[in-house]
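What follows is the residue order along each chain.
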Amino acid sequence: PRWEALVSATLAQLPPLHPERAEDLRLVEDTLLQLPIVAAVGETRVLWPDGLRVAIELRQPVACVRSGDVYFAVSQEGIVLPGAWSTPPGHDGKFLPLVVLEDEVRGAAWEGNVLDSAGAHDGRAVAAALERELAADDWIRLGRAVIDARTARVTSVEEPGTVLLLEGARRIYFGRSPNLDAPGELPVKNNCASLARALRLAESGEPPVDWEMVDVRWDVPEVLPRGGLPKPAKKK
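Quick look at the structure, then. Since the structure is predicted, the reported quantities are computational estimates derived from the model, not experimental observations. (Residues numbered from 1 in each chain as written. Predicted model: local features only at pLDDT ≥ 70, side-chain atom pairs only at ≥ 80, totals over all residues. Heavy atoms only, no water.)

## Observations concerning helix H2 (residues 22-33)
Keep this limit in mind: A run of H or I in DSSP becomes a helix once it reaches four residues, and a run of E becomes a strand once it reaches two; helices and strands are each numbered from the N terminus. An expected span of 1.5 Å times one less than the residue number is assigned to each helix. Burial classification: accessible surface area is computed with a 1.4 Å probe over protein chains only, and a residue below 20% of its type maximum counts as buried, one above 50% as exposed, and the rest as partly exposed. What the arc covers is the set of directions going from the helix axis to the C-beta atoms. Residue contacts are counted whenever heavy atoms from the two residues lie within 4.5 Å of one another.
Here H2 is 12 residues long and its end C-alpha atoms lie 17 Å apart, about the 16 Å a rise of 1.5 Å per residue gives. Where H2 is concerned, the buried positions are Asp-24, Leu-25, Val-28, Thr-31 and Leu-32. On an axial view of H2, the arc spanned by its buried residues comes to 125°, and they lie on one face. Residues of H2 that are buried in the fold lie against helix H1 (2-12), strand E1 (38-47) and strand E2 (51-58).

## Regarding the pairing of E2
Put simply, the rule reads: Here, strands pair whenever DSSP counts at least two bridges between them.
Across seven bridges, the pairing between E1 and E2 is antiparallel. Paired with Val-41 across the bridge in E2 is Ile-56. Taking the residues between adjacent antiparallel strands as the criterion, E1 and E2 are bridged by three residues.

## Re the packing of aromatic side chains
Quick reminder of the rule: Stacked, edge-to-face and tilted are the three classes for Phe, Tyr and Trp ring pairs, Trp counted by its six-membered ring, which pair at centre distances within 6.5 Å; planes under 30 degrees apart are stacked, over 60 edge-to-face, the rest tilted. For a Lys NZ or an Arg CZ to count as sitting over a ring, it must be within 6 Å of the ring centre and within 35 degrees of the ring normal.
This model, assessed by the stated rule, comprises one aromatic pair. Looking at Arg-2, its charged tip hangs above the ring of Trp-85, at a distance of 3.8 Å from the centre.

## Notes on the pattern of salt bridges
The condition is simple: Any Lys or Arg side-chain nitrogen found within 4 Å of a carboxyl oxygen on Asp or Glu counts as a salt bridge.
Using the criterion set out here, one finds 14 salt bridges in the structure. Its salt-bridge partner being Arg-141, residue Asp-137 comes within 3.3 Å of it at the nearest N-O pair. Of this pair, Asp-137 and Arg-141 both sit in helix H4 (residues 136-142), four residues apart, which is roughly one turn of that helix. Under the relative-accessibility criterion, Arg-141 is labelled partly exposed at 24%. Each member of the salt-bridge network shares a partner with another, and the members are Asp-137, Asp-138, Arg-141 and Arg-200.

## Describing the side chain of Ser-75
With respect to the helices, strands and loops of the structure, Ser-75 is situated in strand E4 (residues 70-75). Residue class for Ser-75 comes out buried when judged on its relative accessible area of 0%. Ignoring sequence-local partners within four residues, the contact set of Ser-75 consists of Arg-59, Gln-60, Pro-61, Val-62, Leu-81 and Arg-124.

## As for the nonpolar core
Defined as follows: Residue types Ala, Val, Leu, Ile, Met, Phe, Trp, Tyr and Cys, when buried and joined through side-chain atoms within 4.5 Å, form a set referred to as a nonpolar core.
With 34 residues, the main nonpolar core has Val-65, Leu-130, Leu-134, Leu-164, Leu-166, Ile-172 and Phe-174 as its most contacted residues. For this core, the element with the highest residue contribution is helix H5 (residues 188-204), accounting for six residues.

## Here we look at the environment of Ile-79
Tracing the backbone through its elements, the reader meets Ile-79 in the loop between E4 and strand E5 (90-91). As for Ile-79 and Asn-113, which are separated by 34 residues in sequence, their C-alpha atoms are 5.8 Å apart. With residues near it in sequence (within four places) discarded, Ile-79 still touches Pro-36, Arg-59, Ala-73, Val-74, Asn-113 and Val-114.

## As for unusual backbone geometry
In terms of backbone geometry, most residues other than glycine have negative phi values and most peptide bonds are trans. At Asp-92, a position not held by glycine, the phi torsion is positive, near 55°. By the element assignment, Asp-92 lies in the loop between E5 and strand E6 (94-95). Residue Asp-92 is classed as exposed on the basis of its relative accessible area of 61%.

## Digging into the state of the cysteines
Put simply, the test is: Whenever a pair of cysteine sulfur atoms sits within 2.5 Å, that pair is classed as a disulfide.
The full count for this structure, using the stated rule, is zero disulfides. Cysteine Cys-64 is unpaired, with the sulfur of Cys-192 as its nearest cysteine sulfur at 18 Å. Overall, Cys-64 belongs to the buried group, its relative accessible area being 0%. By relative accessible area, Cys-192 is classed as buried at 1%.

Scope: geometric values only; no functional claims are made or implied.
Below is the structure:
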């Protein structure tokens, strides 16, 4: 609804248009393309006696970022979309993951700007992978999530790379961002499948496992139970 109001207000500022002048129709298209929410504009048709029909492709939010005390949705292209929120917004019935930005680019998190830093780019790629790979019920289990991909490009055995911070003081070591195409890295669908199993394990495992960390970078994910690993029994 916010975007509908934005489109209406923007078009209302145009001068009177003549439906038989091609340049007037192009003015409508060019004006719409200047809006951050619009990815593409299709054919403009005249609806007699006093209307136009314009096909618009809207950008889809895949994540959100924080700017001061408010939050903005971000498209997969890194465009900060209009509309400030007091809490991380939702989309299609699920919370948008919050991508952590580098200190030097936080000031650019304002509607219409493009966030092209490494952390923003890699974080969006992880958010898009989760959107693509997780089932709807797994999104519900995921809840509110923070994606910190600022060290995704220096992942090693010791450095977990991308880290997902979840509710309940849980964290996921995710490794490199899927857009880096690093040799030897597991396919991102494997990481997401391991994440989904971990979420189900915490909720409905036999018995449920209360874990605080899962490392999904490996073929067999490593799970750290809440409170740490049990101590080995002392030998008699």
